[in-house]
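So you can see what is in the structure, the chains are spelled out below.
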Amino acid sequence: MENELLIVLLIPLLAGIFNIFLWRNIPGQKVVFFLSTIVMVLAAANLLYSVTINEVITLQSAGWEAPFGISLVADYLSALMVFLTALMGLIIGVFSLFDVDKKRMQFGFFPLFSFLLFSVSGAFLSGDIFNLYVWFEIMLISSFVLMALGNTKPQLEGAIKYVTMNIIASVFFLAGIGVTYGITGTLNMAELSVLMNSVDDPNLILLAMIFFFIAFGVKSAVFPLFSWLPASYHTPPVAITAIFSALLTKVGVYAFIRFFTLIFNQESQFTDYLLITTAATTMFIGVLGAAAQMEFRKILSVHIISQIGYLIMGIAIGTKMALTGVVYFIVHIIFVKSNLFLISGVVNRLKGSFELKKLGGVYGKYPFLGILFVISAFSLAGFPPLSGFWAKFALVLAGLEAKEYLLVFFALITGFLTLYSMTKIWNEVFWKKDPKEEETDEINEEEPVNIKLKMIPVAFVTIIILALGVFAEPVFSFAEMTAEQLLNPHIYIDAVLGLDQ
Amino acid sequence: MEDVLPFLIGGLYGGGIYLILHRSFVKLIIGLIILGYASNLMLFTISRITRGAPPLIPEGATQLTEPFADPLPQALVLTAIVIGFGIQAFAIVLIKVGYLTGDTDDLDKLNTTDRLD
């Protein structure tokens, strides 16, 4: 049972190491990468399946008992996130075959991708805060290199900002770990959850909480700390942006959920205010920023911020309905956002630009791509019966139940403005006439077969998005189970500390 | 020691932030490194320093006697230093390549990627 946990982590690690030895053999690297990622998806599905049976699976590394050794823990949330990581790794891996150029592949795109999947899964499974820090650092270093890979000027500029902000976040994370260890004397999340309730001085808990808030706030791009995201996310190739948008900010959100349901779950008005204010400002300012942009990828990347606001909103409200909404929203946003990025990549390949002003007429020539975009964009804006509607419906309902009317108001406004940004992309890219219609478009005629191939991953994700909306019931009930487990931390604690035997 | 170190840590944090606020690439990276040191030292100090009492069980006894030095923070700091070293090495190379490609070492000139156009 424990091995299921370990296999998910070992597969991408071994694939990454193996691919370093195949440095010059790109076809070999592709074979290793795809084999390993397919196996990883299966292993993650298996982990998800056995978590639904056993509730929480723990692995005490090297057999050291829980508070002393390093624990790896898979509960519903972790297993779900690991499964999504593996699945997105596979889908975007397929897309990257057509998107990432040969030079980047020669400089280790595939091993880095494997290491990224490895570290993100590890962060989801870690049951120890220092271990979480280490996973974060592995994730950072792989994402740093992926961000800068190719050495183009905008990429380097974006990477410098990204690296600076994230190193500062790590510094805060480490300080938070120091304070936490100083007041409780443990690093194990389950034991921390118990010991935090016996700390005499609530101000010390607040101090630790603030440090972690800043650290995870930078990673997940919440309101005052998001500046690295609009500066860097649109610079690398679309496949890399897509995997970043699917995984990196979600790791920050996952850490928020884990810490605020398990460790900092004491009654504190300050924490509530902090989270609620952050949620409202993050979603509103994020969507305003997106509305101002005039470049396909920039609109999408700035828009990530407003979606993070919704997730923080659910964490801030913290009721069962709200957390159900958060879990469903994470699943929805990982697929939808990545799919929109992939579509922007396809459009770029067709028209050779990301600038809205230079684009146009895509719907006329490629109606299928237009339909794929509309489904994803409407889902993002929250049209019934697509997945975004159910996600926002749950969050808004939870907000109304908790009488957070102002927050709900901001959420609804954000939904409208989301629709505005998506309509802008639709009008400019797909609907209006191509501004360079008169000129002959060489890029256009070059590779129709390649374009069809590129659309396969996009179409696949679109089918998932449609399924998420139409068959929302099973996903929603799983999200409900997850929320229930998050709200009863003793299940997690008993499983990790071995109290249930 | 415990009376002196907090001032040192505060000084390091202050110095690190002061350097980050400069425009120069090199000062930025030195500032980041100093911030890393400050956090490592804080992690080390905050978990209570004990001198001359290794956590070894004396012969004949079955339990440790208080006070003893906690070995865990030292292990944590060691790990953090190693990780920080790797990240800093990467950041230095990145900044060097950024300098060569962009032909500037003024951070204020790095404003092309988030400009509205």
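Worth saying up front: this structure is predicted, and the values here are computed from it rather than measured.

Asks: Would you explain the overall build of chain B in this entry?
Replies: A tally of helices and strands in chain B yields three helices and zero strands. Starting at the N terminus and ending at the C terminus, chain B contains elements arranged as α-α-α. Taken over C-alpha atoms, the radius of gyration comes to 20 Å for chain B, far larger than the 13 Å a tight globule of 117 residues would show. Dimensions along the principal axes, computed over C-alpha positions, put chain B at roughly 75 × 25 × 25 Å. With 117 residues in all, chain B has 36% of them scored as buried. Partitioning the intrachain contacts of chain B with sequence separation of at least 6 by distance along the chain shows that 61% fall at a separation of at least 24. Separation between the mean location of the 7 positive side-chain charges and that of the 11 negative ones in chain B comes to 9 Å.

Asks: I'm lost on the overall build of chain A in this one. Help?
Replies: Across its full length, chain A holds 22 helices and two strands. A compact globule built from 501 residues should have a C-alpha radius of gyration of about 23 Å, and chain A, at 22 Å, falls within 12% of that. Evaluated residue by residue, chain A yields a buried proportion of 64% over its 501 residues. Across chain A, contacts joining residues at least 24 apart in sequence account for 81% of those joining residues at least 6 apart. Surface exposure of chain A reaches about 17400 Å², of which carbon and sulfur atoms provide 68%. Averaged over its 27 positive side-chain charges, chain A has a centre that lies 15 Å from the centre of its 34 negative ones.

Asks: So what exactly am I meant to see when it comes to the side chain of A:Ser245 here?
Replies: The topology assignment puts A:Ser245 in helix α11 (residues 238-263). Beyond its immediate chain neighbours, meaning those up to four positions away, A:Ser245 contacts A:Tyr233, A:Lys250, A:Ile304, A:Lys337, A:Ser338 and A:Phe341.

Asks: Before we go on, may I ask you to explain the packing of aromatic side chains in this structure?
Replies: Both the distance between ring centres and the angle between the ring planes are used here to describe each pair of aromatic rings. Residues and elements named next belong to chain A. On inspection of all chains with the given rule, the structure shows 45 aromatic pairs over all chains. Ring geometry for Phe-144 and Tyr-162: centres 5.6 Å apart, planes at 90°, overall edge-to-face. In this pair, Phe-144 sits in helix α6 (residues 129-148) while Tyr-162 sits in helix α7 (residues 153-184), placing the two residues 18 residues apart along the sequence. Across the pair, exposure class does not vary: Phe-144 and Tyr-162 are buried alike. Measuring from ring centre to ring centre gives 6.2 Å for Phe-259 and Phe-264, while their planes differ by 35°; the resulting arrangement is tilted.

Asks: Quick question: what am I supposed to make of helix α17 (residues 387-401) of chain A here?
Replies: In an α-helix there are 3.6 residues to a turn, and that puts residues three or four apart on one side. Residue and element names in this part refer to chain A. Given a rise of 1.5 Å per residue, 15 residues ought to cover 21 Å, and the 21 Å separating the end C-alpha atoms of α17 matches this to within 8%. Those residues of α17 lying buried are Ser-387, Gly-388, Ala-391, Lys-392, Ala-394, Leu-395, Val-396, Ala-398 and Gly-399. Directly beyond the C-terminal end of α17, a positive phi value near 60° is found at Lys-403.

Asks: What is the right way to look at helix α9 (residues 202-220) of chain A in this model?
Replies: Residues and elements named next belong to chain A. Here α9 contains 19 residues, and its C-alpha end-to-end distance of 26 Å stays within 8% of the 27 Å for a straight helix at 1.5 Å per residue. Residue Asp-201 occupies the N-cap position of α9, its side-chain oxygen lying 3.0 Å from the main-chain nitrogen of Asn-203. Two residues or fewer after α9 comes Ala-221, characterised by a positive phi angle close to 65°.

Asks: Would you mind showing me how to read unusual backbone geometry here?
Replies: Leaving glycine aside, a negative phi is the common case for residues, and trans is the common case for peptide bonds. Residues and elements named next belong to chain A. Phi at Ala-221 is positive, roughly 65°, even though this residue is not glycine. When you line up the elements, Ala-221 lands in the loop between α9 and α10 (228-232). Its relative accessible area of 0% is what places Ala-221 among the buried residues. With a phi close to 60°, Lys-403 is a non-glycine residue in the positive phi region. Here Lys-403 shows up in the loop between α17 and α18 (405-431).

Asks: What is the right way to look at the pattern of salt bridges in this model?
Replies: Side chains bearing opposite charge may pair, as long as their charged atoms lie close to each other. Scanning the model with the defined rule gives eight salt bridges over all chains in all. With a shortest N-O distance of 2.8 Å, B:Arg23 and B:Asp108 are connected by a salt bridge. Taken together, the residues B:Arg23 in the loop between α1 (5-20) and α2 (25-46) and B:Asp108 in the segment after α3 (71-102) connect sequence positions 85 residues apart. Residue class for B:Asp108 comes out partly exposed when judged on its relative accessible area of 45%. Connected through salt bridges with shared partners, the residues A:Lys320, A:Glu480 and A:Glu484 form a single ionic network.

Asks: I would appreciate a short explanation of the interface of chain B and chain A in the present structure.
Replies: Bring the parts together and some accessible area is lost; that lost area is often taken as the interface size. Each partner contributes residues to the interface: chain B has 39 residues there, and chain A has 40 residues. Interface area, chain B with chain A, both sides summed: about 3200 Å², of which 75% is carbon and sulfur. At the boundary of chain B with chain A, the tally comes to zero salt bridges. Our count for the contact surface shared by chain B and chain A stands at two residue pairs in polar contact (both at pLDDT 80 or more). For the side of chain B that touches chain A, the secondary-structure elements that each account for two or more residues are α1, α2 and α3 of chain B. Counting residues per element, the side of chain B that touches chain A draws most heavily on α3(B), which supplies 16 residues. When the residues that make up the side of chain B that touches chain A are grouped by side-chain class, the tally is 22 nonpolar, twelve polar and five charged.

Asks: Where do I start with the packing of helix α16 (residues 367-381) of chain A against α17(A) in this structure?
Replies: What describes two packed helices is the angle between their axes and the distance between those same axes. All names here are of chain A. One way to put it is that α16 packs onto α17 with a least axis distance of 6 Å and a crossing angle of 5°. In terms of their interaxial angle, α16 and α17 are classed as roughly parallel. Along its contact with α16, which presents Ser-379, Leu-380 and Ala-381, the element α17 presents Ser-387, Gly-388, Phe-389 and Lys-392. Its residues placed into classes, the contact of α16 with α17 shows three nonpolar, three polar and one charged.

Asks: Just to check I follow, could you spell out the pairing of strand β2 (residues 71-74) of chain A for this structure?
Replies: On a regular strand, one side chain projects to one face of the sheet and the next to the other, so that they alternate. Residues and elements named next belong to chain A. Side chains Ser-71 and Val-73 of β2 all project onto a buried face; the interleaved residues Leu-72 and Ala-74 project onto the opposite face, where all are buried too. Where strand β1 (residues 57-60) lies against β2, four bridges are found, and the strand directions are antiparallel. The partner of Gln-60 across the bridge, within β2, is Ser-71.

Asks: Just to check I follow, could you spell out the environment of A:Ala280 for this structure?
Replies: Residue and element names in this part refer to chain A. Looking at the secondary structure, you find Ala-280 in helix α12 (residues 269-292). Look at Ala-280 and you get buried, because its relative accessible area is 11%. Ala-280 sits 52 residues away from Trp-228 along the chain, and the two C-alpha atoms are 20 Å apart. Excluding residues within four positions of it along the chain, Ala-280 makes contact with Leu-407 and Phe-410.

Asks: Please explain a nonpolar patch on the surface as it appears in this structure.
Replies: Residue and element names in this part refer to chain A. A surface patch of nonpolar side chains, about 480 Å² in accessible area, is lined by Leu-6, Leu-10, Leu-14, Ile-17 and Phe-21. Secondary-structure assignment places Leu-10 in helix α1 (residues 2-21). Judged by its relative accessible area of 37%, Leu-10 is partly exposed.

Asks: What exactly am I supposed to notice about the nonpolar core here?
Replies: Nonpolar side chains in soluble globular proteins tend to end up buried together. Judged by nonpolar contacts, the single largest core of 221 residues is most densely connected at A:Phe216, A:Phe259, A:Phe264, A:Phe296, A:Met313, A:Phe335 and A:Leu369. Each residue touching A:Leu369, except ones within four places of it in the same chain, is listed here: A:Ile343, A:Val346, A:Val347, A:Leu350, A:Val362, A:Phe430 and A:Met455.

Criteria and cut-off values
- Residues numbered from 1 in each chain as written.
- Chains lettered and ligands numbered in written order.
- Predicted model: local features only at pLDDT ≥ 70, side-chain atom pairs only at ≥ 80, totals over all residues.
- Heavy atoms only, no water.
- Helix = DSSP H or I, 4+ residues; strand = E, 2+ residues; numbered from the N terminus.
- Rg over C-alpha atoms; globule rule 2.2 N^0.38 Å.
- Buried < 20%, exposed > 50% of the residue type's maximum accessible area, 1.4 Å probe, protein only.
- Contact = heavy atoms within 4.5 Å.
- Lys, Arg positive; Asp, Glu negative; His and termini not counted.
- Charge placed at Lys NZ, Arg CZ, Asp CG, Glu CD.
- Areas by Shrake-Rupley, 256 points an atom, 1.4 Å probe, with all protein chains shown as cover.
- Phe/Tyr/Trp six-rings, centres within 6.5 Å; stacked < 30°, edge-to-face > 60°.
- Expected span 1.5 Å × (residues − 1).
- Polar contact = N/O pair within 3.5 Å; in protein donor to acceptor, adjacent residues only side chain to side chain.
- Salt bridge = Lys/Arg side-chain N within 4 Å of Asp/Glu carboxyl O.
- Buried area = accessible area lost by both parts, 1.4 Å probe.
- Nonpolar A, V, L, I, M, F, W, Y, C, P; charged D, E, K, R; others polar.
- Axes fitted to C-alpha atoms, helices over the stretch in contact; angles between N-to-C directions.
- Parallel < 35°, antiparallel > 145°, perpendicular 65-115°, else oblique.
- Pairing = 2+ DSSP bridges.
- Patch = residues over 30% accessible without salt bridge, like charges linked within 9 Å, V, L, I, M, F, W, Y side chains within 5 Å.
- Core = buried A, V, L, I, M, F, W, Y, C linked by side-chain atoms within 4.5 Å.

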